[in-house]
Amino acid sequence: MNTSSINYKQILADLGSIAYRHPQIKSFGFGDLAQCTNDLTTKQEPEYARMYVVPGEVKLNENHLHYRFSVIVMDKVEDDQSNQSDVMSDTLRTIMDIWTILLQSYTPSQGNFSFDLIVDEDPDVFPFIERFETILGGWTLNLTFQVAFDYNSCTPPVIDNFQFPEDEQYNSYKYVLSQFEDFADKHLQVNSYGFGDVEQLTNDIITKQEPLYPRMYVLPDSTHFHTGNIHLGFKVFFVDKLNNDISNFGDVLSDQLEIVKDFFAKLYLSDFEAGWDATVQPFYEKTETILSGWIIDFHFVQKYSYDRCVLPELPFTAGLTWAEVAELWKNVSKDWKNV
């Protein structure tokens, strides 16, 4: 498989294919952990043993994308827990099989996983015991896949080949936000843009209605002052609507991650120069609408001189006492209106 064709949905398909071909695995699922006992196709509790994949963070590295997943293999534990040792033993063996397949598959008939999906070695494996309608036991394999990605060959679906500006001198915060909004306006898959508090994610402050989706929504994050430059931090949501039965969870995550990659590629190719290893976290929330997608947490650096000569400050009087300063503010307060 050409690594340029590997997207989030393809990785899910590969994991589902491994599950399908393993004789001990009777069902496969993907999504939020709370949904693991609900098969989205049959609307029933699935057969066990079950392989279930929970999305984790994605790291945007300089030459690679790092996809993290929690792969759980689980089976039913009897109410009296008499088979718990069998369940834990059998599911650990299955987890070991999955890891071996990913690590040691070098031919097309084996899936080529060792070339296309390079797994970080020495993964963590944790016991899994949960009480749902059924008591389930098993193991969670925390996997990280490394996939090559060339930002320079990225061709995002944006109008007029939109680019972020090439002037890295800090202008204003509002100017930066206007550039983000311009990206959203010109990206063919983004249907609305917003900025503010996370509570306003599903409320367009202009129309006072729920916005169109997919949606790009920007939250301000910590900013750091350094000599000669300013490090601006942001959290940006890329979200879309889920069906009520969550049957399109994989599609939404895959599609929204592609927009995240478009956004970060445009930052990388500009003088905004977003810092590498930006973290991308999966998002799932039941609001008025069930939403899912990703939150990218990143910063970029712009030059700033901190030149006092251009500050809008009145002449400074040194050596004032607290009483004198209080008197100055008292005089100002006399001019306050409508307080």
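Structure first, text after, so check above.
Position labels on residues start from 1 in each chain and follow its written sequence. The predicted nature of this model means local features are confined to residues of pLDDT at least 70 and side-chain atom pairs, given and counted, to a pLDDT of 80 or more, with totals for whole chains, interfaces and linings taken over all residues. Note that the side-chain values use all heavy atoms of the structure and ignore hydrogens as well as water.

Chemist: Provide a residue-level description of a nonpolar patch on the surface, including the pertinent values.
Modeler: Grouping into patches uses exposed residues only, defined as over 30% relative accessible area, and leaves out salt-bridged ones; the cut-off is 9 Å for like charges and 5 Å for nonpolar side chains (Val, Leu, Ile, Met, Phe, Trp, Tyr). We get accessible surface area from the Shrake-Rupley algorithm with a probe of 1.4 Å; when it comes to residues, only the shown protein chains can shield them. Salt bridges, as used here, are contacts in which a Lys or Arg side-chain nitrogen is within 4 Å of a carboxyl oxygen on Asp or Glu. Side chains of Trp329, Val332 and Trp336 sit close together on the surface and give an oily, nonpolar patch of about 380 Å² of accessible area. Numbering goes from the N terminus for both helices and strands, where a helix is a DSSP run of H or I of at least four residues and a strand is a run of E of at least two. Position of Trp329 among the secondary structure elements: in helix H6 (residues 322–333).

Chemist: Before we move on, can you summarise the nonpolar core with the specific residues and values?
Modeler: Grouped together as the largest cluster of nonpolar side chains are 72 residues, with contacts concentrated most on Phe180, Met216 and Phe298. It is helix H5 (residues 249–268) that provides the largest number of residues to this core, a total of 10 residues. When sequence neighbours within four positions are dropped, the list of residues in contact with Phe180 reads Phe164, Tyr193, Met216, Val218, Phe234, Phe263, Leu267, Phe272, Phe298 and Phe300. Counting residues in hydrophobic clusters, the runner-up holds nine residues, among them Leu201, Val239, Leu291 and Ile295. Among buried residues, those of type Ala, Val, Leu, Ile, Met, Phe, Trp, Tyr and Cys that are joined through side-chain atoms within 4.5 Å constitute a nonpolar core. Relative accessible area decides the class of each residue, using a 1.4 Å probe on protein chains only: under 20% of the type maximum gives buried, over 50% gives exposed, and in between gives partly exposed. We call two residues in contact whenever any of their non-hydrogen atoms come within 4.5 Å of each other.

Chemist: Give me the packing of aromatic side chains: which residues, what numbers.
Modeler: Side-chain rings of Phe, Tyr and Trp (the six-membered ring for Trp) are treated as a pair once their centres are within 6.5 Å; stacked means planes under 30 degrees apart, edge-to-face means over 60, and tilted covers the remaining angles. Per the stated rule, a full pass over the model turns up 27 aromatic pairs. Note on Phe164 and Phe263: the rings are 6.0 Å apart at their centroids and 85 degrees apart in plane angle, and the pair reads as edge-to-face. Note that Phe164 is positioned in the loop between strand E6 (135–148) and helix H4 (173–186) and Phe263 in helix H5, a separation of 99 residues in sequence. The pair Phe164 / Phe263 is uniform in exposure class, with both members buried.

Chemist: Which residues make up the packing of helix H1 (residues 8–21) against H5, and what values do they have?
Modeler: Every axis in this analysis is a line fitted to C-alpha atoms, fitted for helices over the stretch in contact. Angles between the N-to-C directions lie between 0 and 180 degrees. It is the contact of H1 with H5, at a shortest axis distance of 8 Å, that shows an interaxial angle of 140 degrees. In this view, H1 runs oblique relative to H5, as classed from their interaxial angle. Along the contact surface, H1 presents Tyr8, Lys9 and Leu12, while H5 presents Gly250, Asp251, Leu253, Ser254 and Leu257. In this classification, the charged set is Asp, Glu, Lys and Arg, the nonpolar set is Ala, Val, Leu, Ile, Met, Phe, Trp, Tyr, Cys and Pro, and all remaining amino acids, among them Gly, are polar. Looking at side-chain class alone, the contact of H1 with H5 contains four nonpolar, two polar and two charged residues. Our angle categories are set so that under 35 degrees counts as roughly parallel, over 145 as roughly antiparallel, 65 to 115 as roughly perpendicular, and the remainder as oblique.

Chemist: I'd like a rundown of the pairing of strand E10 (residues 229–241), residues and numbers included.
Modeler: The element E10 is extensively covered by neighbouring structure, given that 11 of its 13 residues are classed as buried. Strands pair, by our definition, only if DSSP identifies at least two bridges between them. Pairing of strand E8 (residues 215–220) with E10, which is carried by six bridges, proceeds in the antiparallel orientation. Bridging from a neighbouring strand, Leu219 pairs with Lys235 of E10. If you look at the hairpin formed by strand E9 (residues 224–226) and E10, you'll find two residues sitting between the two strands, and Gly228 has a positive phi there, around 90 degrees. Here E10 runs beside strand E12 (residues 290–303); their pairing, made up of 13 bridges, is antiparallel.

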